[in-house]
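Structure at a glance
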Amino acid sequence: MKEEKLLMTEGPIGPILLRFALPLFLGNLFQQLYNIVDSLVVGNVCGDTALAAVSSSGSLCHLLIGFFQGLCLGAGVVVSRHWGARDREGTDRAVHTTILFAFFAGILLTIFGVCFTPTLLRWMGTPENVLPYSIEYFRVYCAGLMGLALYNTATGIFQSLGDSRRPLLYLIIAAVVNLILDLIFVAGLDMGVGGAALATILGQALSAVLAFGHLMSGRFVIRVRWKALQADRELLGQIFRMGLPSGIQNCVINIANVVVQANINAFGDLAMAGCGAYSKIEGFMFLPVSSLTMAITTFVGQNTGAKQPQRAREGAWLGIGMAAGFTEAIGVLFFLLAPWLIGLFSPTPEVVAFGVRQVRTEALFYAFLGFAHAAGAALRGAGRAVTSMAVLLSVWCALRIAYITGMVAVFQDITVVFTAYPVTWIVSSAIFAFILRRGNWLGQEGSKKFSERA
């Protein structure tokens, strides 16, 4: 592969973003299939209680890996800026520093997750009839977090260097393996939710092996070498400066989502199952926009490193507009197909009713969700991760929890919990629009300072 194909610093912006985002979308599609396949198989084979357990554990899975993924975002910005500046030596050092950091972070996450599974689930108010299944699923899932950590790290390296295609192949293979193992473990061997979690982590481990196999093969623009795995203090500092705010943001927002899940749990296991089905489908349907946001971060990061702030700004606004448009179209589709889509996960009418109610409350406001995600991605790519963190923590965490706490105390209706999402999406979009319209969020001075540090 030629290096020119990995640069996003020249050529028409729209086609570049779409060409980069399409493989990301397909890759994220298969990534999302992991959890969807788990839920589909478990819900239809093991019943609504087991489906509720998988759904309840999902919030904690995102909480554990959210902090690490945020740090990887910071690492990706550092790598993409060095690559945009055509600094091969700096790129090589950034890649190896990132991998070493990811390895130790994966170990810590695994130990934490396995040891504190029961405590975390009880803090969420998981019902007693669901708790044993949730503990089994989440503990097995945490045991395989190293594979997830290493695969996401490898994928971040590929994407930061402009290659969004290669991880797709590995993920497709892993998703197919996950599906086959789900059918074998859960439907064939009757291993229950533990079998579903085991299928997931084995698929993730396979994708990590395949990704690192290519990084170490010498056929990529950067070759990973075990002897070169060492922490560069300056680069590690840059990774923390850019990634720590995103990590805190992801972690705290996921804590807020855990609070939301705890409120949903209070309405019983049928509500948990219905809302869990909604969350799986929402994650699936939101993939085009999440892919675009990753493309925006990489685009802004590379062009900032190349000292092309105007091109970075134009790409950010174009990507934000595309993200908002795509999400609204997806929301309308979700709104119309809600009963059929939720019904795929459970034949129980009450479960379907809870899921459909959440869809009909939130889906038509998806444009604001897309806008906020894309705007935050642009700010992270520009090195303004603290700004993105401040907005999302104050709105998606503090305001969302305060809103739910106050409203549920007055109105004992699960719809009140659902309305917290569109309310906070609208508020955060308005704040991001104000910040971006000021015009000083990205400038030549920022690129100059980065170049001097690098």
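We now turn to the structure provided with this report.

Reading guide: rules and limits
- Residues numbered from 1 in each chain as written.
- Predicted model: local features only at pLDDT ≥ 70, side-chain atom pairs only at ≥ 80, totals over all residues.
- Heavy atoms only, no water.
- Helix = DSSP H or I, 4+ residues; strand = E, 2+ residues; numbered from the N terminus.
- Buried < 20%, exposed > 50% of the residue type's maximum accessible area, 1.4 Å probe, protein only.
- Contact = heavy atoms within 4.5 Å.
- Areas by Shrake-Rupley, 256 points an atom, 1.4 Å probe, with all protein chains shown as cover.
- Salt bridge = Lys/Arg side-chain N within 4 Å of Asp/Glu carboxyl O.
- Axes fitted to C-alpha atoms, helices over the stretch in contact; angles between N-to-C directions.
- Parallel < 35°, antiparallel > 145°, perpendicular 65-115°, else oblique.
- Left-handed = near helix turned anticlockwise from the far one by under 90°.
- Nonpolar A, V, L, I, M, F, W, Y, C, P; charged D, E, K, R; others polar.
- Patch = residues over 30% accessible without salt bridge, like charges linked within 9 Å, V, L, I, M, F, W, Y side chains within 5 Å.

What about the overall build of the chain?
Looking only at helices and strands, the chain features 16 helices and zero strands. Put simply, the chain has 454 residues, and 59% of those count as buried. At a minimum sequence separation of 6, the contacts of the chain that also span at least 24 residues come to 84%. For the chain, the accessible surface area stands at approximately 17,400 Å², while carbon and sulfur atoms represent 67% of it.

Observations concerning the environment of Ala102
Relative to the helices and strands, Ala102 is located in helix α3 (residues 88-123). Taking the relative accessible area as the measure of exposure, Ala102 reaches 1% and is therefore buried. In this structure the C-alpha to C-alpha distance between Ala102 and Thr153, which are 51 residues apart in sequence, comes to 6.8 Å. Leaving out residues up to four positions away in the same chain, Ala102 has contacts with Phe68, Ala149 and Thr153.

Quick notes on the pattern of salt bridges
A complete count under the given rule lists two salt bridges for this structure. We note a salt bridge from Asp92 to Arg225, for which the minimum N-O separation is 3.2 Å. Residue Asp92 is found in helix α3, and its partner Arg225 is found in the loop between α7 (192-215) and α8 (233-265); the two are separated by 133 residues along the sequence. For Asp413, the salt bridge is made with Arg357, and the minimal N-O distance between the two is 3.2 Å. Taken together, the positions of Asp413 in the loop between α14 (385-410) and α15 (414-437) and Arg357 in helix α12 (residues 349-362) put the pair 56 residues apart, joining distant regions of the chain. Taking the relative accessible area as the measure of exposure, Asp413 reaches 33% and is therefore partly exposed. Judged by relative accessible area, which is 34%, Arg357 ranks as partly exposed.

So, the packing of helix α9 (residues 269-285) against α12
Viewed as axis vectors pointing N to C, α9 and α12 meet at an angle of 50°, and their least axial separation amounts to 7 Å. In terms of orientation, α9 and α12 fall into the oblique class. Our pair here, α9 against α12, has a crossing hand that is right-handed. Between α9, through Leu270, Ala271, Ala273, Gly274, Cys275, Tyr278 and Glu282, and α12, the contact on the second element is made entirely by Glu350, Val351, Phe354, Gly355, Gln358, Val359 and Glu362. Of the residues belonging to the contact of α9 with α12, the class tally is eight nonpolar, three polar and three charged.

Looking at the side chain of Ser429
With respect to the helices and strands, the residue Ser429 is situated in helix α15. Classification of Ser429 by relative accessible area gives buried; the value is 5%. If we ignore the near neighbours within four places in the chain, the residues touching Ser429 are Phe368, Phe371 and Ala372.

A look at a nonpolar patch on the surface
Judged by side-chain polarity, Val332, Leu333, Leu336, Leu337, Trp340, Leu344, Leu364, Phe365, Phe368 and Ile426 come together as a nonpolar surface patch covering roughly 890 Å² of accessible area. Sorting elements by how many residues they give to the nonpolar patch places helix α11 (residues 309-343) first, with five residues. Structurally, Leu344 is set in the loop between α11 and α12.

Some thoughts on the packing of helix α6 (residues 166-188) against α7
Each pair of packed helices gets described by two things: the angle between the helix axes and the distance between those axes. Contact pair α6 / α7: the axes reach a minimum separation of 8 Å and the direction vectors enclose 155°. By the angle between their axes, α6 is roughly antiparallel relative to α7. Remark: the crossing between α6 and α7 carries right-handed chirality. Of the residues in the contact of α6 with α7, the class split is 14 nonpolar, seven polar and two charged.

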